[in-house]
Amino acid sequence: MPILDLYEHGEKRKNLAHFATLATLAAVDGEVNEKEKAILDKFAFRLNISEAEYKEVMKKENKYPIETPHSSEKRLMRLFDFFKVVFADQIVEEEQMSLIEKYAIGLGYSPEDAKALIKKSYDIFHGRIDFEAFQYLLDH
């Protein structure tokens, strides 16, 4: 097997784990509403998640580990993705915020840094911004 195939497989696994984490966040309140599903559909397309993988991930009994990217930009991008799911229905629930905090810590942020990032992100996400603006605002 060529080394490129191994890399793609590793990336595929990471993308699937990231998608599964996003799906868990969307379903934390017991159901995935239409707006959350629309965002998950976009992520499934972007992350190259097949229909069979999508269905498997959406089963309640599935649990996937958090894949921690080495790049700080990629970790921040994952956190950004999480907030896009949370704000899909404009209703932010306590369970979702708790899950985001656990996810941020799982991504490698200290508990203090995770809380600070989440607070800033929550404040920022009351408006609609793109990733570059999100990254800039968190860095300053």
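Residues numbered from 1 in each chain as written. Predicted model: local features only at pLDDT ≥ 70, side-chain atom pairs only at ≥ 80, totals over all residues. Heavy atoms only, no water.

A short note on the overall build of the protein chain
Argument step 1. When its secondary structure is counted, the protein chain shows seven helices and zero strands.
Argument step 2. In summary, the protein chain has a C-alpha radius of gyration of 15 Å against a globular reference of 14 Å for 140 residues, a match within 12%.
Argument step 3. Burial analysis of the protein chain (140 residues in total) assigns 38% to the buried set.
Argument step 4. Within the protein chain, contacts between residues separated by at least 24 positions form 70% of all contacts whose residues are at least 6 apart in sequence.
Argument step 5. Just so you have it, the protein chain exposes about 8600 Å², and 56% of that area is on carbon and sulfur atoms.
Argument step 6. Charge centroids of the protein chain, computed over 20 positive and 26 negative side chains, lie 1 Å from each other. (Helix = DSSP H or I, 4+ residues; strand = E, 2+ residues; numbered from the N terminus. Rg over C-alpha atoms; globule rule 2.2 N^0.38 Å. Buried < 20%, exposed > 50% of the residue type's maximum accessible area, 1.4 Å probe, protein only. Contact = heavy atoms within 4.5 Å. Areas by Shrake-Rupley, 256 points an atom, 1.4 Å probe, with all protein chains shown as cover. Lys, Arg positive; Asp, Glu negative; His and termini not counted. Charge placed at Lys NZ, Arg CZ, Asp CG, Glu CD.)

Re the environment of V86
Argument step 1. By the secondary structure assignment, V86 is in helix α4 (residues 72-86).
Argument step 2. As for V86 and A26, which are separated by 60 residues in sequence, their C-alpha atoms are 6.9 Å apart.
Argument step 3. Leave out the neighbours within four places in its chain, and V86 touches L25, I91, V92, Q96 and I100.

A few points about the packing of aromatic side chains
Argument step 1. For the coordinates displayed, the defined rule picks out 11 aromatic pairs.
Argument step 2. Taken together, the aromatic side chains of F80, F83, F87, Y122, F125, F131 and F134 make up a single cluster linked through ring pairs.
Argument step 3. In this structure, R75 is placed above the aromatic ring of Y109, and the distance from its NZ or CZ to the ring centre is 5.8 Å. (Phe/Tyr/Trp six-rings, centres within 6.5 Å; stacked < 30°, edge-to-face > 60°. Lys NZ or Arg CZ within 6 Å of the ring centre and 35° of its normal.)

Quick word on the confidence of the model for the protein chain
Argument step 1. Model confidence for the protein chain is summarised by a mean pLDDT of 82, while 90% of its residues fall at 70 or above.
Argument step 2. Model confidence for the protein chain, summarised as mean pLDDT per element, is weakest for helix α1 (residues 3-26) at 73 and strongest for helix α3 (residues 51-57) at 92.
Argument step 3. In the predicted structure, residues 1-7 sits below a pLDDT of 50 and forms one contact with residues beyond four places in sequence or in another chain. (pLDDT = per-residue confidence, 0-100.)

Overview of the environment of Y54
Argument step 1. Its location among the elements puts Y54 in helix α3.
Argument step 2. Sequence separation between Y54 and D41 is 13 residues; the distance between their C-alpha atoms is 8.8 Å.
Argument step 3. Aside from chain neighbours lying at most four places away, what touches Y54 is F19, K37, L40, D41, A44 and I49.

Some points on the side chain of S121
Argument step 1. In this fold, S121 is placed in helix α6 (residues 111-124).
Argument step 2. We classify S121 as buried; its relative accessible area is 0%.
Argument step 3. Beyond its immediate sequence surroundings of up to four residues, S121 is in contact with F83, F134 and L138.

Comments concerning the nonpolar core
Argument step 1. Residues F19, I100 and F134 are the most contacted members of the largest nonpolar core, which totals 37 residues.
Argument step 2. For F134, the contacting residues outside a window of four places in its chain are L76, F80, S121, I124, F125 and I129. (Core = buried A, V, L, I, M, F, W, Y, C linked by side-chain atoms within 4.5 Å.)

Some words on α6
Argument step 1. With 14 residues, α6 should cover 20 Å at 1.5 Å per step; its first-to-last C-alpha distance of 20 Å lies within 8% of that length.
Argument step 2. Where α6 is concerned, the buried positions are A114, L117, I118, S121 and I124. Projected onto a plane normal to the axis of α6, the buried residues spread over an arc of 125 degrees and lie on a single side. Exposed residues pointing more than 90 degrees away from the buried face of α6 are listed as E112, K115 and K119.
Argument step 3. Where α6 is buried, its residues contact α4, α5 (94-106) and α7 (131-139). (Expected span 1.5 Å × (residues − 1). Arc of directions from axis to C-beta.)

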